[in-house]
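# A look at the structure
In case you want the letters, here they are:
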Amino acid sequence: PSTESVLLLPGSASNVMALNSGRNRCPVCRFETVLFVSDDDRAFPLCPYCFNHPRDEWGGDTQVVPNPKNMHTQLRHCPMGDGHPLVVSLSVCADERGGVFIVEPSRPGQRCCRLHATRALTTMDLSPSVKCVEPAPEGLRVSFHSHLTPLDGGKLEYAGDFLSDPLIQSLLHTREDPRALAVRGGSRMRQARAPRDPRMSFRDF
């Protein structure tokens, strides 16, 4: 007989974006991952199963604000703990206010050119000369558009330290949403979950 498992999701159905079916799997539970897109259009990785079954070692002191449109609790920050492998794989450096800075995961048909703080409302936009960006052992690797590259000899890729490299720093524009009044939630992910509606139902899991 088939069984049904109901998993709660942060926000409303409009905050969840599906990826290529079957191609994106959580390294912890092998559940299919999706993107959580906050009301201010910041995308974060989300594993529905791990979100509903958090582990202490993942951390995730989330902050929430109410959404007056539907009275659901809306996450304005990353729904996954900073120690979860989905977040670790995108991390660039620690944020002095808590949390980490991550490269925004790519949405279907788009390349990522932004960085977000996981526990603050900070976004870093990359220069229009940047085609895409990804974490690297050096800190951050950027790929430039061929007609806009600032590199000698027409080179298109560059990697450098996120905090101290002059070229990397010159490509970043930092902004923070001044309208959001964040209220710090509890220390476990489940305290930041939305009410039971909307729901996602997965059979035979």
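All values reported here derive from a predicted model rather than from experimental measurement.

So, about the pattern of salt bridges. Taken as a whole, this structure holds 10 salt bridges when the rule is applied. The partner of D82 in a salt bridge is R119, and the shortest N-O contact between them spans 3.1 Å. Separated by 37 residues along the polypeptide, D82 in the loop between strand 6 (73–75) and helix 2 (85–88) and R119 in the loop between strand 9 (114–117) and strand 10 (122–126) bring together distant segments of the chain. By relative accessible area, R119 is classed as buried at 7%. The salt bridge partner of R141 is E134, with a shortest N-O separation of 3.4 Å.

Here we take up the packing of aromatic side chains. Taken as a whole, this structure holds two aromatic pairs when the rule is applied. Ring centres of F101 and F162 lie 5.9 Å apart, and the angle between their planes is 45 degrees; this geometry places the pair in the tilted category. Of this pair, F101 sits in strand 8 (residues 100–103) while F162 sits in the loop between strand 13 (157–160) and helix 3 (166–170), placing them 61 residues apart in sequence. With a relative accessible area of 7%, F101 lands in the buried category.

Bringing the pairing of strand 8 into the picture now. Because side chains alternate across strand 8, one face comprises the buried residues V100 and I102, and the other comprises F101 and V103, equally buried. As paired elements, strand 7 (residues 91–94) and strand 8 share three bridges and run antiparallel to each other. Residue A94 lies in a different strand from strand 8, and its bridge partner there is V100. Taken together, strand 7 and the strand that follows it, strand 8, pair antiparallel across an intervening segment of five residues, in which G98 is found at a positive phi of about 105 degrees. Relative to strand 9, strand 8 is paired through three bridges, and the arrangement is antiparallel. The partner of F101 across the bridge, within strand 9, is A117.

Here we come to the sheet that holds strand 4 (residues 43–46). Read across the sheet, three strands follow the order 2-3-4 without closing on themselves; strand pairing throughout is antiparallel. What marks the edges here is a single partner per strand, and that holds for strand 2 (16–18) and strand 4. Across the sheet, the mean angle separating the axes of adjacent strands is 35 degrees when strand polarity is ignored. Across four bridges, strand 3 (residues 34–37) lies against strand 4 in antiparallel orientation. Its bridge partner lying in strand 4, V34 is registered against L46.

Looking now at unusual backbone geometry. For R30, which is not glycine, the phi dihedral falls at a positive 65 degrees. Relative to the helices and strands, R30 is located in the loop between strand 2 and strand 3. Backbone geometry at D41 places phi at a positive 70 degrees, although glycine is not the residue there. Mapping D41 onto the fold places it in the loop between strand 3 and strand 4.

Considering every residue of the chain, the mean pLDDT works out to 79; 76% of them sit at 70 or more. Counted against residues more than four places away or in other chains, residues 62–73, with its pLDDT under 50, gives 42 contacts. Note on residues 179–205: pLDDT is under 50 here. Beyond four places in sequence and across chains, it has 78 contacts.

This brings us to the sheet that holds strand 12 (residues 139–144). With antiparallel pairing, three strands are arranged side by side in an open sheet as 11-12-13. Each of the sheet's edge strands pairs with one partner strand only, and the pair in question is strand 11 (130–136) and strand 13. Taking the axes of each pair of neighbouring strands and ignoring which way they run, one obtains an average angle of 20 degrees across the sheet. Here strand 11 runs beside strand 12; their pairing, made up of six bridges, is antiparallel. Within strand 12, the position partnered with C132 by the bridge is S143.

Scoring rules and cut-offs
- Throughout, residues of each chain are indexed from 1 in the direction in which the sequence is written.
- At least 70 in pLDDT is required for a residue's local features to be given in this predicted model, at least 80 for side-chain atom pairs to be given and counted, and no such filter applies to totals for whole chains, interfaces and linings, which use all residues.
- To obtain the side-chain values, all non-hydrogen atoms of the structure were included, while hydrogens and water were left out.
- Only one rule defines a salt bridge in this text: a Lys or Arg side-chain nitrogen within 4 Å of an Asp or Glu carboxyl oxygen.
- Secondary structure elements are taken from DSSP: a helix is a run of H or I of four residues or more, a strand is a run of E of two residues or more, and numbering for both begins at the N terminus.
- The classification of residues rests on relative accessible area computed with a 1.4 Å probe and restricted to protein chains. Under 20% of the type maximum is buried, over 50% is exposed, and intermediate values are partly exposed.
- Ring pairs are drawn from Phe, Tyr and Trp, using the six-membered ring of Trp, whenever the two centres fall within 6.5 Å, and their geometry is named by plane angle: stacked under 30 degrees, edge-to-face over 60, tilted for the rest.
- Note on pairing: DSSP must find at least two bridges between two strands before they are called paired.
- Lines fitted to C-alpha atoms define the axes here, with helix axes fitted over just the stretch in contact, and angles between the N-to-C directions of these axes take values from 0 to 180 degrees.
- The pLDDT value expresses, per residue, how confident the predictor is, ranging between 0 and 100.
- What makes two residues a contact is simply this: any of their non-hydrogen atoms within 4.5 Å.

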